[in-house]
There are 2 protein chains.
Amino acid sequence: MQQNKITTINEEEMSLFLNYLSDKASEISLKYFRSNFTINNKSTDIFNPVTNVDIEIEKLLRNEIKKKYPNFGILGEEIKSTSDLSDIHFVIDPIDGTKAFIAGVPVWTTLIALNNGDIPIMGIADQPYIGERYIGSPKGSFLIRNGNVIKITSKDNKDLKNAVLSCTDPAMFENDDLDVFLKLRREVSYSRYGLDALSYCLLASGYIDLIVETNIEPYDIQALIPIIKASNGYISTWNNEDPSNGGKIIAACSEELFLHAQEILIS
Amino acid sequence: MQQNKITTINEEEMSLFLNYLSDKASEISLKYFRSNFTINNKSTDIFNPVTNVDIEIEKLLRNEIKKKYPNFGILGEEIKSTSDLSDIHFVIDPIDGTKAFIAGVPVWTTLIALNNGDIPIMGIADQPYIGERYIGSPKGSFLIRNGNVIKITSKDNKDLKNAVLSCTDPAMFENDDLDVFLKLRREVSYSRYGLDALSYCLLASGYIDLIVETNIEPYDIQALIPIIKASNGYISTWNNEDPSNGGKIIAACSEELFLHAQEILIS
């Protein structure tokens, strides 16, 4: 209903709430990480796991949001619901990197974004086992660790030859996409794999220069967009369309590096 | 000189000394991680980096060893020396995963092994940023974290279909090796990349089932052998020769899984 549209967001209040949600989520994820949990496969042809931990965290976050902001919509990975996404809403990935979670590798994150109905304007990526929480908003991008809040910025690199390229698994690319990814890989300094959303946080922190991925869902990427943007990084689709919708994503530490990568990928 | 051969090792004393060396190394690595350090390329054709951090740690460890055990040999990654490796000696990789270190990814480790002149009998893999130290000896394999010492054991899995496969980068394989690696990858549940030595620690902890790598150096693997063996895991070369010399390595959570992987890899 257009007349109920919420037009202003109190950023301070919302930042506190996103941190509160991350604290609550981490209580569950840390309880189960490297302990007993159940795994189900969401797909029949590939291993696309979901655990009871994903479900429990998403349920908890949905409940907390409904209690405090009953009019806000929610888009989550694991639970379908009919929210109005044209107004303010939250976007949740309870465990990004479920395969890493299952394999005991502490590079999974809980992702929570606040979308104003148009774009994600605030996002958190939380890795509680390592103790790293990344938050991005129009105020800037920050790493919170051991009680310290550290401003982060992406690297000032425009040169593919010196770039560190990352993607979660090169096997995500098929056919022509694989060919152009491998072409790009030959142009960069070296590659890092297996990092899921944490890779975007390391780009925002000035360590990784370039991320190229495909088959990204909105809940995989929305929390990361404010983190990348406020760190001076650049994020878009291969065709330079709105990355909030997912699909084929390029994140780069500079627009120039994005353009160099794009030239190879859409050649 | 054969008459000077040291024939007994006090395991308790050595365990304390390896922990002491790891503490000293971590003071250096944590000081530089995600901070300023210098990077040089050891190769002309590929990016094979070494940093001042690798060199400083190896120098420090060599000095500490020479002070306390002047008769013991040392094999390290970064500094050449003419040690007698037929008697008791230490094997050091100051930063295993230098690329991860440079890219700000906290999955690099400092590796220190004690070799009795025949096999590595004790090993430590230390990741101080996450706060995980893995130690293996004839007494067992343990994870030390936050002051807790936790016994670890590998998974009881004999089945490739349910196995999690890991290697640092599938691009390490070429030609026929790549073909058989990809054949193996199609048989397992899923793959994880980018973990360097930490992957072997996660196998010893019961999370990763199978690791297949190539071009492994003795200093990359010797600290991990006691950790894998005492966790009930199995480690050998593709041809089932002594893994201490490096080369092509298979580590598996069980001998049966090793044999299944080997059958595909040397077909």
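Quick caveat: nothing in here was measured; it's all calculated off a predicted structure. Along each chain, residue indices are assigned from 1 in the same order as the chain's sequence is written. As they are written, the chains are lettered A onward and the ligands numbered 1 onward, keeping that order. In keeping with the predicted nature of the model, local features appear solely for residues at pLDDT of at least 70, side-chain atom pairs appear and are counted solely at 80 or more, and the whole-chain, interface and lining totals rest on all residues. The side-chain values count all of the structure's non-hydrogen atoms but skip hydrogen atoms and water molecules.

## Comments concerning the nonpolar core
- Buried Ala, Val, Leu, Ile, Met, Phe, Trp, Tyr and Cys residues form a nonpolar core when they are joined through side-chain atoms within 4.5 Å. Throughout this description, buried means an accessible area under 20% of the type-specific maximum (1.4 Å probe, protein chains only), exposed means over 50%, and partly exposed covers the range between. Among the nonpolar cores identified, the biggest contains 134 residues, and A:Phe90, A:Tyr134, A:Tyr200, B:Phe90, B:Tyr134, B:Tyr200 and B:Leu224 are the most heavily contacted of them.
- In this view, B:Leu224 contacts B:Leu111, B:Ala125, B:Ala197, B:Tyr200 and B:Cys201; residues no more than four positions away in its chain are not counted.
- By size, the runner-up hydrophobic cluster in this structure holds 42 residues, among which are A:Val212, B:Ile250, B:Cys253 and B:Phe258. Contact criterion: two residues are considered in contact whenever any of their non-hydrogen atoms come within 4.5 Å of each other.

## Quick look at helix H2 (residues 52-68) of chain A
Residues and elements named next belong to chain A.
- For H2, spanning 17 residues, the distance from its first C-alpha to its last is 24 Å, which sits close to the expected 24 Å at 1.5 Å a residue.
- Helix and strand assignments come from DSSP, with helices taken as H or I runs of at least 4 residues and strands as E runs of at least 2, each series counted from the N terminus. The elements touched by buried residues of H2 are helix H1 (11-32), strand E2 (49-51), strand E3 (73-76), strand E4 (89-96), helix H3 (98-102) and strand E5 (109-115).
- Polar contact is the term for a pair of N or O atoms within 3.5 Å; when the atoms are in protein, one must be able to donate a hydrogen and the other to accept it, and sequence-neighboring residues count only if both atoms are side-chain atoms. The N-terminus of H2 is capped by Thr51, whose side-chain oxygen sits 3.0 Å from the backbone nitrogen of Val53. To estimate the expected span of a helix, subtract one from its residue number and multiply by 1.5 Å.

## Some words on the environment of B:Ile228
Residue and element names in this part refer to chain B.
- Within the element layout of this structure, Ile228 appears in helix H7 (residues 224-230).
- Residue classification places Ile228 among the buried positions, given a relative accessible area of 0%.
- C-alpha of Ile228 to C-alpha of Leu18: the two residues are 210 residues apart in sequence and 17 Å apart in space.
- If sequence neighbours within four positions are ignored, Ile228 has contacts with Tyr200, Leu203, Ala204, Gly233, Tyr234, Ile235 and Ala251.

## Some remarks on the interface of chain B and chain A
- Listed as interface residues are 31 residues of chain B and, on the opposing side, 31 residues of chain A.
- As used here, buried area is the combined drop in accessible area, with a 1.4 Å probe, of two parts when they are placed together. Taken over both partners, the interface formed by chain B and chain A buries close to 2,700 Å², and the fraction arising from carbon and sulfur atoms is 59%.
- The largest share of the area that chain B buries against chain A comes from B:Tyr190, B:Arg192 and B:Tyr207, three residues that together contribute 24% of it.
- Salt bridge criterion: a side-chain nitrogen from Lys or Arg within 4 Å of a carboxyl oxygen from Asp or Glu. Counting every contact that joins chain B to chain A gives four salt bridges.
- Here A:Arg34 ties to B:Glu132 by a salt bridge, and the two come within 2.7 Å at their closest N and O atoms.
- Here chain B and chain A share 10 residue pairs in polar contact (both at pLDDT 80 or more) between them.
- Elements with a contribution of two residues or more to the side of chain B that touches chain A: helix H3 (98-102), strand E7 (132-137), strand E8 (140-145) and strand E11 (190-193) of chain B.
- Tallied by class, residues from the side of chain B that touches chain A come to 19 nonpolar, four polar and eight charged. All residues other than Ala, Val, Leu, Ile, Met, Phe, Trp, Tyr, Cys, Pro, Asp, Glu, Lys and Arg, Gly among them, are scored as polar; the first ten of these are nonpolar and the last four charged.

## Here we look at the packing of helix H1 (residues 11-32) of chain B against helix H2 (residues 52-68) of chain B
Residue and element names in this part refer to chain B.
- Relative orientation of the contacting elements H1 and H2 amounts to 155°, with a least axis distance of 10 Å. Judged on the interaxial angle alone, H2 and H1 are roughly antiparallel. In terms of crossing hand, the pair formed by H1 and H2 is right-handed. Each of Phe17, Tyr20, Leu21, Lys24, Ala25, Ile28, Ser29, Lys31 and Tyr32 in H1 lies in contact with H2, whose residues at this interface are Asn52, Val53, Glu56, Ile57, Leu60, Leu61, Glu64, Ile65 and Lys68.
- Split into classes, the residues belonging to the contact of H1 with H2 amount to 11 nonpolar, two polar and five charged. For helices, the fitted line uses only the C-alpha atoms of the stretch in contact; every axis is such a line through C-alpha atoms, and the angle between N-to-C directions lies from 0 to 180 degrees. Angle categories: roughly parallel below 35 degrees, roughly antiparallel above 145, roughly perpendicular from 65 to 115, and oblique for all the rest. Left-handed describes a crossing in which the near helix is turned anticlockwise from the far one by less than a right angle; the clockwise case is right-handed.

## Comments concerning the domain arrangement of chain A
All names here are of chain A.
- Here the limits of each domain have been adopted from an automatic or database domain assignment. Parsing chain A into structural domains produces domain 1 (2-151) and domain 2 (160-265).
- Listed as interface residues are 29 residues of domain 1 and, on the opposing side, 21 residues of domain 2.
- Between domain 1 and domain 2, a total of about 1,800 Å² is buried, with carbon and sulfur atoms accounting for 67% of that surface.
- Taken as a group, Val107, Pro120 and Tyr134 account for 29% of the area that domain 1 buries against domain 2, more than any other trio of residues on that side.

## Quick word on the side chain of B:Arg145
- Relative to the elements of secondary structure, B:Arg145 occurs in strand E8.
- Note on charges: Lys and Arg go in the positive column, Asp and Glu in the negative column, and His and the chain ends are not counted at all. At 4.2 Å, B:Glu132 is the nearest oppositely charged side chain to B:Arg145, a buried residue that forms no salt bridge.
- Among the polar contacts listed, one links the side chain of B:Arg145 to the backbone oxygen of A:Tyr129, at a separation of 2.9 Å.
- Other than its neighbours up to four places away in sequence, B:Arg145 contacts A:Tyr129, B:Ile130, B:Gly131 and B:Glu132.

## Digging into the relation of the copies chain B and chain A
- The copies are overlaid by a least-squares fit using only the C-alpha atoms of residues whose pLDDT is at least 70 in both copies. Rotating chain B by 180° about the axis while translating it 0.0 Å along that axis superimposes it on chain A, leaving an RMSD of 0.0 Å. Both copies of the chain, as the preceding transformation shows, are related through a two-fold rotation axis.
- Looking at chain B, 100% of its interface residues are interface residues in chain A too, so the copies touch through the same face.

## Describing the packing of helix H4 (residues 175-187) of chain A against helix H8 (residues 255-265) of chain A
All names here are of chain A.
- One can describe the packing of H4 onto H8 by two numbers: an axis separation of 8 Å at closest approach and a directional angle of 135°. Put simply, H4 runs oblique to H8. Relative to H8, the crossing made by H4 is right-handed. In contact with Val180, Phe181, Lys183, Leu184 and Glu187 of H4, H8 contributes Ala261, Ile264 and Leu265.
- Tallied by class, the residues present in the contact of H4 with H8 amount to six nonpolar, no polar and two charged.

## As for the pattern of salt bridges
- What the rule picks out here adds up to 26 salt bridges over all chains.
- A salt bridge links A:Lys42 to A:Glu78; its shortest N-O distance comes to 3.2 Å. With A:Lys42 in the loop between strand E1 (39-41) and E2 and A:Glu78 in the loop between E3 and E4, this residue pair connects regions lying 36 residues apart in the sequence.
- Since its relative accessible area comes to 37%, A:Lys42 is described here as partly exposed.
- A salt bridge links B:Asp177 to B:Lys248, with the nearest nitrogen and oxygen atoms 3.0 Å apart. You can see B:Asp177 sitting in helix H4 (residues 175-187) and its partner B:Lys248 sitting in strand E14 (residues 247-252), a full 71 residues away along the chain.

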